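Listed here are the chains, written in short residue letters.
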Amino acid sequence: MKEDNVYLNYLIGDLESFVFSKRKEIDRIINEKEILNYTDSIYIFNNLAEGLNKTTNLIKHLKETQNPSIIRDICILSSEIISWIIFTLPSLERGLELFSQGFHIKEKHIIDILGENLIILDEIIEKPEKLNFFYGDILLSIQNVNMGFGYIQKIIEKGEIEN
């Protein structure tokens with residue numbers, strides 16, 4: 001096994017562990033409360049952003065490997081975290097009175113942006129050679145969503161301080 005594959009496998013394991021532990025905890029918080037308090041909201045957005053940050057880090061390393069199996073694993077895991085976020089966001093929109101109009105970046109809903117990435121990742125899973133064509137778009141859009149989550153988190157933190 002090449003040294004770069006060891007590092008990529010470490011990053012894959014780290015993201016798998018993160019998603020497994022945080023998904024349970026965040027789902028529990030959302031299911032227990034109809035309206036989320038500031039602390040819970042900050043915690044959730046912090047973890048969603050951290051998950052996307054870890055995903056971005058993995059995707060950045062995709063071009064370093066030619067191993068179709070590792071490319072596939074990274075795309076599958078990235079799809080899993082994106083799917084989790086897509087299914088979590090409607091509960092957050094419902095639970096956060098502050099964002100009653102939804103989560104948008106450049107007039108496009110975050111769920112649509114992430115959904116488009118799911119389709120692209122699925123194509124790469126089927127045909128790893130498409131990675132070079134879609135690489136920049138995936139990386140940029142996931143980074144934009146991650147920055148959007150950071151912005152929302154900062155607004156919530158500011159609201160917590162003022163209230």
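A.B. asks: Any chance you could explain the environment of Ser 79 here in plain terms?
C.D. replies: Turning to its location among the elements, Ser 79 is positioned in helix α3 (residues 68-95). In this structure Ser 79 comes out as buried when scored by relative accessible area, which is 13%. Considered as a pair, Ser 79 and Lys 154 are 75 residues apart in the sequence and their alpha carbons are 26 Å apart. Not counting residues up to four positions away in its chain, the partners in contact with Ser 79 are Leu 118, Leu 121 and Ile 125.

A.B. asks: Would you mind going over unusual backbone geometry with me for this structure?
C.D. replies: Negative phi is the rule for most residues except glycine; trans is the rule for most peptide bonds. Positioned with a positive phi, Lys 106 is a non-glycine residue whose angle comes to about 50°. Positive phi values are uncommon outside glycine, yet Glu 107 reaches one of about 60°. Within the element layout of this structure, Glu 107 appears in the loop between β1 (104-105) and β2 (108-109).

A.B. asks: How do you make sense of the confidence of the model for the protein when you look at a structure like this?
C.D. replies: Detailed conclusions should not be drawn from predicted coordinates in areas where pLDDT is low. Within the protein, residue pLDDT values average 84, and 90% of them lie at 70 or more. The secondary-structure element of the protein with the lowest mean pLDDT is β1, recorded at 80, while helix α4 (residues 110-126) shows the highest, at 92.

A.B. asks: Help me understand the packing of aromatic side chains in this model?
C.D. replies: Two descriptors summarise a pair of aromatic rings, namely the distance from one centre to the other and the angle between the planes of the rings. Within this structure, the stated rule accounts for 2 aromatic pairs. Plain terms: the ring middles of Phe 133 and Phe 134 are 4.9 Å apart, the flat faces sit at 80° to each other, and that makes the pair edge-to-face. On the basis of relative accessible area, Phe 134 is assigned to the buried category, the value being 13%.

A.B. asks: Got a minute to help me understand helix α2 (residues 38-60) in this structure?
C.D. replies: Residue pairs spaced three or four apart in an α-helix point in one direction, given the helix's 3.6 residues per turn. When the terminal C-alpha atoms of α2 are compared, their 32 Å separation across 23 residues agrees well with the 33 Å that a helix rising 1.5 Å per residue should span. Where α2 begins, the side chain of Asn 37 points an oxygen toward the backbone nitrogen of Thr 39, at a separation of 3.1 Å.

A.B. asks: Just checking my understanding: could you explain the nonpolar core for this structure?
C.D. replies: The nonpolar side chains of soluble globular proteins are, as a tendency, buried together. With 50 residues, the main nonpolar core has Ile 85, Leu 92 and Phe 149 as its most contacted residues. Only α1 (3-32), α2, α3, α4 and α5 (131-162) provide two or more residues apiece to this core. Element by element, the count of residues in this core is highest for α3, at 12 residues. Not counting the four nearest positions on each side in its chain, Leu 92 is found in contact with Ile 30, Leu 36, Ile 44, Phe 45, Leu 48 and Phe 103.

A.B. asks: Explanation requested: the pattern of salt bridges in the structure shown.
C.D. replies: When charged atoms on two side chains of opposite charge get close, those side chains can pair. Inspection of the entire model under this criterion finds 6 salt bridges. Residues Glu 32 and Arg 28 are paired through a salt bridge, measuring 3.2 Å at the closest nitrogen-oxygen approach. Of this pair, Glu 32 and Arg 28 are both found in helix α1, 4 residues apart, which corresponds to roughly one turn of the helix. Judged by relative accessible area, which is 53%, Glu 32 ranks as exposed.

Thresholds, definitions, all that
Residues numbered from 1 in each chain as written. Predicted model: local features only at pLDDT ≥ 70, side-chain atom pairs only at ≥ 80, totals over all residues. Heavy atoms only, no water. Helix = DSSP H or I, 4+ residues; strand = E, 2+ residues; numbered from the N terminus. Buried < 20%, exposed > 50% of the residue type's maximum accessible area, 1.4 Å probe, protein only. Contact = heavy atoms within 4.5 Å. pLDDT = per-residue confidence, 0-100. Phe/Tyr/Trp six-rings, centres within 6.5 Å; stacked < 30°, edge-to-face > 60°. Expected span 1.5 Å × (residues − 1). Polar contact = N/O pair within 3.5 Å; in protein donor to acceptor, adjacent residues only side chain to side chain. Core = buried A, V, L, I, M, F, W, Y, C linked by side-chain atoms within 4.5 Å. Salt bridge = Lys/Arg side-chain N within 4 Å of Asp/Glu carboxyl O.

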